Amino acid sequence: LGHFGKWLHNNVNPLVIEERGMFLVVGHEHEHAMKDKIFQTTSWHTYLHYFMLFNSTAPYNLLSRSPAFCFSGEKGGKCDLIQFVSSLTWASSQRDSVVVAYGVNDCEAKIARLSLNRVLESVQPLSLANKWAFEVVFGGGTCVQGVGQI
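Just so it is clear, the structure is predicted and the values come from calculations on it, not from any experiment. (Residues numbered from 1 in each chain as written. Predicted model: local features only at pLDDT ≥ 70, side-chain atom pairs only at ≥ 80, totals over all residues. Heavy atoms only, no water.)

Visitor: Give me the overall build of the protein: which residues, what numbers.
Guide: Helix and strand content of the protein: one helix and 12 strands. Start at the N end of the protein and walk to the C end: the helices and strands fall as β-β-β-β-β-β-β-β-β-α-β-β-β. The buried share of the protein, reckoned over its 150 residues, is 47%. Restricting the contact set of the protein to residue pairs at least 6 apart, pairs at least 24 apart contribute 53%. In the structure as shown, the protein presents an accessible area of about 7,900 Å², 52% of it carried by carbon and sulfur atoms. (Helix = DSSP H or I, 4+ residues; strand = E, 2+ residues; numbered from the N terminus. Buried < 20%, exposed > 50% of the residue type's maximum accessible area, 1.4 Å probe, protein only. Contact = heavy atoms within 4.5 Å. Areas by Shrake-Rupley, 256 points an atom, 1.4 Å probe, with all protein chains shown as cover.)

Below is the structure:
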């Protein structure tokens, strides 16, 4: 379950982390009923994303999840009206970072490069997933910002 207590939707094909026996995915949820509790977005409609790790073998259990996050153009800034992650892939053959492609307001495409270690540090076992803040700053002055607990 996500920040709003709803089931998450998968956004991307799983990225296999073979040496760990895991799949990395990005899920999302969106909500407008709790708009007053989410201050990082510019609108009444809030898209929140999560990194999640699953076993790469049956029964494909969900192992951990990051706190909710959205993409902001500046540290501490607000997120766009609509954001939707559409792709997750390795940034290079070294497999030490990932590229996340996402749409903004259904009219722009953007990409973010994130260190795999930083992504893996952000995910927590499910019992702890909502207790941790999440903020990742990466190249180009863009920020991925966690929304914390309601």
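More follows now that the structure is in view.
Visitor: A description of the environment of serine 97 should follow, citing residues and the corresponding values.
Guide: Tracing the chain through its elements places serine 97 in strand β8 (residues 97–104). Since its relative accessible area comes to 6%, serine 97 is described here as buried. Residues serine 97 and leucine 114 lie 17 residues apart in sequence; the distance between their C-alpha atoms is 5.4 Å. Not counting residues up to four positions away in its chain, the partners in contact with serine 97 are Thr89, Trp90, Ala91, Ser92, Arg113, Leu114, Ser115 and Leu116.

Visitor: Account for the layout of surface pockets, naming residues and giving values.
Guide: Rolled over the atoms, a probe with the dimensions of a water molecule shows which regions are left empty. Estimated volume of the largest pocket: approximately 180 Å³. Together, 12 residues line the largest pocket, and Leu8, Val25, Met52, Phe54 and Leu62 are the ones closest to its centre. Contributing elements (two or more residues each) for the lining of the largest pocket: β1 (9–10), β3 (22–31) and β4 (46–55). Among the residues forming the lining of the largest pocket, the class breakdown is 10 nonpolar, two polar and no charged. (1 Å grid on protein atoms, 1.4 Å probe; cavity = no way out; pocket = protein on both sides within 12 Å on 5 of 7 lines; lining within 4 Å. Points joined across faces, edges and corners; volume = space filled by probe spheres on them. Nonpolar A, V, L, I, M, F, W, Y, C, P; charged D, E, K, R; others polar.)

Visitor: Can you lay out the sheet that holds strand β9 (residues 108–115) for me, pointing to particular residues and giving the numbers?
Guide: Judged by pairing direction, the sheet is antiparallel, and its three strands sit side by side in the order β7-β8-β9 without closing on themselves. A strand with exactly one partner marks an edge of an open sheet, and here the two such strands are β7 (83–90) and β9. Neighbour to neighbour, the strand axes of the sheet diverge by 25 degrees on average, direction disregarded. Across seven bridges, β7 lies against β8 in antiparallel orientation. Across the sheet, residue glutamine 83 finds its bridge partner in β8, namely valine 104. (Pairing = 2+ DSSP bridges. Axes fitted to C-alpha atoms, helices over the stretch in contact; angles between N-to-C directions.)

Visitor: Now, about the pairing of β9: what can you tell me, with residues and values included?
Guide: The sheet contact formed by β8 and β9 spans eight bridges and is antiparallel. Its bridge partner being in β9, serine 97 is matched across the sheet by serine 115.

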